[in-house]
Amino acid sequence: MFITFEGPDGSGKTTQARRVTEWLASLGHDVLAMREPGGTEIGDRVRAILMDRAHTHLDARAEMLLFCASRAQMMAEKVRPHLARGGIVICDRFADSTLAYQGYGRGLDLGTLRILLDFATFSIKPDLTLCLDIHPRAGLQRRASDLAGMNRLDAEPLAFHERVRAGYLALAAEEPQRWQVIDASAPPDVVEQRVREAILKRLAAPAKGA
Ligand code: TYD
């Protein structure tokens, strides 16, 4: 079972991914928690390049390929072996982030991105994608309360983040059997409950290939 968390910046994905990991582990599942970009020694070095606010001149294609490079390493080193052992993988962001940010946000061609993503992910798709949806203004406000935590992409204008959010909603509408959109403006405990319900439903009725 491969579960991914997606959504605009400041939607609370990281908190929810952590809570869900602890919950599934407490139920006795073998859970691997990852976050993107990064999660491997090589991926973390790529992450440092991607997140550095001094890199204002990073080209959109180079940016996209760096995200894909980090992802390919994570799949090879961590995710594929864990899934092959029958474990659960929880990933805080995955390929859909590239479609939302580099595709809808930056305007790179979605068809080209899909081909590159298929390559970088070894054609592995999530079984369930939880989109924590929040208006970018609210998300960025949450993020701005922690200035040191602001990264290069948080610093993009509001219009960029609005395109990203619209992109997520379009992706979710395209594949409703894989996506679950959850209102992330609700209190964290309510969001957590909805996340658990979606996972329990999917664990009871796996939708692979549906
Ligand atoms: P991070 O600090 O992990 O933010 P968050 O907590 O919101 O996930 O930074 C990841 C940033 O990189 C975030 O702004 C989204 C962006 N991103 C992309 O643009 N493309 C991608 O493929 C991925 C994985 C992330």
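Look up a bit, the structure's there.
So, here's what we can say about the structure. (Residues numbered from 1 in each chain as written. Predicted model: local features only at pLDDT ≥ 70, side-chain atom pairs only at ≥ 80, totals over all residues. Heavy atoms only, no water.)

### Some thoughts on the sheet that holds strand β1 (residues 2-6)
Then comes step 1: A sheet is described by the order of its strands in space; here five strands give the open sequence β2-β3-β1-β4-β5, paired in parallel fashion. On the outer flanks of this sheet lie β2 (31-35) and β5 (179-183), each paired with one strand and no other. Sheet twist, expressed as the average angle between the axes of neighbouring strands with direction ignored, equals 20°.
Then comes step 2: Of the strand pairs in this sheet, strand β4 (residues 128-133) and β5 are connected by five bridges, and their pairing is parallel. In the sheet register, Leu-130 faces β5, and the bridge partner there is Gln-180.
Then comes step 3: The strands touched by helix α1 (residues 13-26) within the sheet are β1, β2, β3 (88-92) and β4, with β3 carrying the most contacts at an inclination of about 165°.
Then comes step 4: Running at roughly 155° to β2, helix α3 (residues 60-84) makes contact with β1, β2 and β3 of the sheet. (Pairing = 2+ DSSP bridges. Helix = DSSP H or I, 4+ residues; strand = E, 2+ residues; numbered from the N terminus. Axes fitted to C-alpha atoms, helices over the stretch in contact; angles between N-to-C directions. Contact = heavy atoms within 4.5 Å.)

### Things to note about the side chain of Thr-121
Then comes step 1: Mapped onto the fold, Thr-121 is located in the loop between α5 (110-120) and β4.
Then comes step 2: From its side chain, Thr-121 meets the backbone oxygen of Leu-117 in a polar contact 2.7 Å long.
Then comes step 3: Residues within four places of Thr-121 in sequence aside, it is in contact with Arg-71, Met-75, Phe-94 and Ala-95. (Polar contact = N/O pair within 3.5 Å; in protein donor to acceptor, adjacent residues only side chain to side chain.)

### What to know about the pattern of salt bridges
Then comes step 1: Applying the stated criterion across every chain yields a total of 13 salt bridges.
Then comes step 2: Of the charged contacts, one joins Asp-9 and Arg-93 as a salt bridge, the two residues approaching to 3.9 Å between their closest N and O atoms. With Asp-9 in the loop between β1 and α1 and Arg-93 in the loop between β3 and α4 (95-105), this residue pair connects regions lying 84 residues apart in the sequence.
Then comes step 3: Among the residues examined, Arg-93 registers a relative accessible area of 12% and is labelled buried.
Then comes step 4: Here Glu-174 and Arg-114 are joined by a salt bridge, their closest N and O atoms 3.3 Å apart. In this pair, Glu-174 sits in helix α7 (residues 158-174) while Arg-114 sits in helix α5, placing the two residues 60 residues apart along the sequence.
Then comes step 5: Overall, Glu-174 belongs to the partly exposed group, its relative accessible area being 47%.
Then comes step 6: What you see here is one network of salt bridges that share partners, running through Arg-19, Asp-189, Glu-192 and Arg-196. (Salt bridge = Lys/Arg side-chain N within 4 Å of Asp/Glu carboxyl O. Buried < 20%, exposed > 50% of the residue type's maximum accessible area, 1.4 Å probe, protein only.)

### Topic: the environment of Arg-106
Then comes step 1: Along the chain, the position of Arg-106 falls in the loop between α4 and α5.
Then comes step 2: For the pair Arg-106 and Gln-73, spaced 33 residues apart in the sequence, the C-alpha separation amounts to 24 Å.
Then comes step 3: Reaching out from Arg-106, the side chain makes a polar contact with the side chain of Glu-63 at a distance of 2.7 Å.

### Let's talk about α3
Then comes step 1: In this model α3 runs 33 Å from its N-terminal to its C-terminal C-alpha over 25 residues, within 8% of the 36 Å that 1.5 Å per residue would give.
Then comes step 2: Among the residues of α3, Glu-63, Met-64, Phe-67, Cys-68, Ser-70, Arg-71, Met-74, Met-75, Val-79 and His-82 are the ones counted as buried.
Then comes step 3: Its buried side turned inward, α3 meets β1, β2, α2 (41-51), β3, α4 and α5.
Then comes step 4: Taken from the residues just after α3, Gly-86 is the one with a positive phi, measuring 90°. (Expected span 1.5 Å × (residues − 1).)

### Thoughts on the site of the ligand
Then comes step 1: Not every one of the 16 residues close to the ligand is listed here, only the nearest: Asp-9, Arg-93, Thr-98, Gln-102 and Arg-143.
Then comes step 2: One nitrogen or oxygen atom from the side chain of Asp-9 is found 2.7 Å from an oxygen atom belonging to the ligand.
Then comes step 3: In this structure, Gln-102 approaches the ligand through a side-chain N or O atom, which is 2.8 Å from a nitrogen atom.
Then comes step 4: Calculation on the ligand without its partners gives an accessible area of 540 Å², and the protein chains cover 94% of this total.
Then comes step 5: Here the ligand occupies the largest pocket.
Then comes step 6: Sorting the residues of the shell around the ligand by element identifies α1, α2, α3 and α4 as the ones contributing at least two each. (Near = heavy atom within 4 Å. Areas by Shrake-Rupley, 256 points an atom, 1.4 Å probe, with all protein chains shown as cover. 1 Å grid on protein atoms, 1.4 Å probe; cavity = no way out; pocket = protein on both sides within 12 Å on 5 of 7 lines; lining within 4 Å. Sits in = over half its atoms within 2 Å of the grid points.)

### Things to note about the layout of surface pockets
Then comes step 1: Taken as a whole, the largest pocket spans an internal volume of roughly 470 Å³.
Then comes step 2: Taken together, 24 residues make up the lining of the largest pocket; nearest its centre are Asp-9, Lys-13, Arg-93, Arg-143 and Asn-151.
Then comes step 3: With four residues, α4 is the single largest residue contributor to the lining of the largest pocket.
Then comes step 4: Taken together, the residues of the lining of the largest pocket break down into five nonpolar, nine polar and ten charged.
Then comes step 5: By volume, the second largest pocket is sized at about 260 Å³.
Then comes step 6: Around the second largest pocket sit 17 residues that line it, and Ala-95, Leu-99, Leu-117, Lys-125 and Arg-178 are the ones nearest its centre.
Then comes step 7: Those elements that place two or more of their residues in the lining of the second largest pocket are α4, α5 and α7.
Then comes step 8: Taken together, the residues of the lining of the second largest pocket break down into eight nonpolar, two polar and seven charged. (Points joined across faces, edges and corners; volume = space filled by probe spheres on them. Nonpolar A, V, L, I, M, F, W, Y, C, P; charged D, E, K, R; others polar.)

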